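Coordinate analysis (summary)
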Amino acid sequence: MLPLVGAGEMALQDALVQEALGIPGSVLMESAGRSVGEFILTTLDPAEVTIIVGPGNNGGDGYAAARYLLSWNIPVKVYAAEPKSTLAIMQRRMFIRSGGRVFPLKDIFTVDNMDVVVDALFGVGLKRPLEGIYADVLDHLASINTRAKVSVDIPSGLSADTGSFLGGVFVADYTVTFGLPNWACF
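Here's a quick rundown of the structure. Keep in mind that what you see is a predicted model, and the values were worked out from it rather than measured.

**Here we look at the overall build of the protein chain**
Each helix and strand in the protein chain was counted, giving five helices and six strands. Ordered by position in the sequence, the α and β elements of the protein chain form the string α-α-β-α-β-α-β-β-α-β-β. By principal-axis analysis of the C-alpha atoms, the protein chain measures approximately 40 × 35 × 30 Å. Out of the 186 residues belonging to the protein chain, those deemed buried represent 49%. Partitioning the contacts of the protein chain with sequence separation of at least 6, the portion at a separation of at least 24 is 76%.

Now the structure itself:
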């Protein structure tokens, strides 16, 4: 049985994998994105995928998933905050160079129907309640018609340390998580 871990333990696991095995963070992100894309492709058979991308590494996972889905001829729309992490910036560039198009996050409010929506806003590092546009995005996503909702790593708005809500939360039908299970998985 695997132990339940919090955000600190997950960060340590990522660092140990990178250091001990020499696997760069960019390769881990590629693997995460491919895993999310494969899950969506094989489990949900989507007509179209909408990915909501945050500014950090969770958003980078979302860009990678979007690029894989695009390469498998699945129509993808990405609504994104400006990336702040180096890896997310790199993934965004690769997605755009692959023919993907990125819409400003605020444009999601004009959409009221989606086939499959993917939450790649915030991952296990989230420590405080979402506010501003991020809280508004979660409220909007809760009110629209979708066939399936998928979270990357952890539903945005949950604490990886306690599993408690940090304000609003993305209510996922599926969560594709990596490494060890965290408290929010249960």
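Don't stop here, the text continues.
**Overview of the packing of aromatic side chains**
Summed over all chains, the structure comprises five aromatic pairs. Note that K149 overlies the ring of F170, its terminal NZ or CZ placed 5.9 Å from the centroid.

**Focus on the nonpolar core**
If you look at the biggest cluster of nonpolar residues, it comprises 25 residues, and the most contacted ones within it are I40, V49, I51, V78, V116 and V118. For this core, the elements supplying multiple residues, two or more each, are α2 (25-44), β1 (49-53), α3 (57-71), β2 (76-80), β4 (113-120) and β5 (145-152). The contacts of I40, once residues within four sequence positions are left out, are D45, P46, V49, L69, V116, V118 and V150. In terms of nonpolar packing, the next biggest core, distinct from the first, is built from 20 residues, A81, V111, L126 and L130 among them.

**Details of the packing of α3 against helix α4 (residues 86-97)**
Taken N-terminus to C-terminus, the directions of α3 and α4 make an angle of 20°; their axes are 8 Å apart at the nearest point. By the angle between their axes, α3 is roughly parallel relative to α4. Crossing of α3 over α4 shows left-handed handedness. Residue-level inspection shows N57, G60, Y63, A64, A66, R67 and L70 of α3 in contact with α4, the latter providing L87, A88, Q91, R92, M94 and F95. Classifying every residue of the contact of α3 with α4 gives eight nonpolar, three polar and two charged.

**What about the sheet that holds β4?**
The parallel open sheet is built from six strands, whose spatial order is β3-β2-β1-β4-β5-β6. In this open sheet, the two edge strands, each paired with only one partner strand, are β3 (102-104) and β6 (174-176). Across the sheet, the axes of successive neighbouring strands diverge by a mean angle of 25°, strand direction being ignored. Looking at chain direction, β5 and β6 are connected through three bridges and run parallel. Looking across to β6, one finds that V150 is bridged to Y174. Contacts from helix α5 (residues 133-143) reach β1, β4 and β5 within the one sheet, and its direction differs from that of β5 by about 140°.

**Re the pairing of β1**
With respect to burial, β1 is a largely interior element, five of its five residues being buried. Regarding the hand of the β-α-β motif, the stretch spanning β1, α3 and β2 is right-handed. One ladder, built from five bridges, connects β1 with β4; its direction is parallel. Residue T50 lies in a different strand from β4, and its bridge partner there is V117.

**Side note on the pattern of salt bridges**
Opposite charge on two side chains permits pairing when their charged atoms draw close. Within the structure shown, the criterion is met by five salt bridges. Among the ionic pairs, R67 bridges to E30, the shortest N-O distance being 2.3 Å. One end of the pair, R67, is in helix α3; the other, E30, is in helix α2, and 37 residues separate them in sequence. The salt bridge involving E82 is made with R92; its shortest N-O contact spans 3.9 Å. Linking E82 in the loop between β2 and α4 with R92 in helix α4, this pair joins segments that are 10 residues apart in sequence.

About the thresholds
- Residues numbered from 1 in each chain as written.
- Predicted model: local features only at pLDDT ≥ 70, side-chain atom pairs only at ≥ 80, totals over all residues.
- Heavy atoms only, no water.
- Helix = DSSP H or I, 4+ residues; strand = E, 2+ residues; numbered from the N terminus.
- Buried < 20%, exposed > 50% of the residue type's maximum accessible area, 1.4 Å probe, protein only.
- Contact = heavy atoms within 4.5 Å.
- Phe/Tyr/Trp six-rings, centres within 6.5 Å; stacked < 30°, edge-to-face > 60°.
- Lys NZ or Arg CZ within 6 Å of the ring centre and 35° of its normal.
- Core = buried A, V, L, I, M, F, W, Y, C linked by side-chain atoms within 4.5 Å.
- Axes fitted to C-alpha atoms, helices over the stretch in contact; angles between N-to-C directions.
- Parallel < 35°, antiparallel > 145°, perpendicular 65-115°, else oblique.
- Left-handed = near helix turned anticlockwise from the far one by under 90°.
- Nonpolar A, V, L, I, M, F, W, Y, C, P; charged D, E, K, R; others polar.
- Pairing = 2+ DSSP bridges.
- Right-handed = clockwise from strand over helix to strand, strands pointing away.
- Salt bridge = Lys/Arg side-chain N within 4 Å of Asp/Glu carboxyl O.

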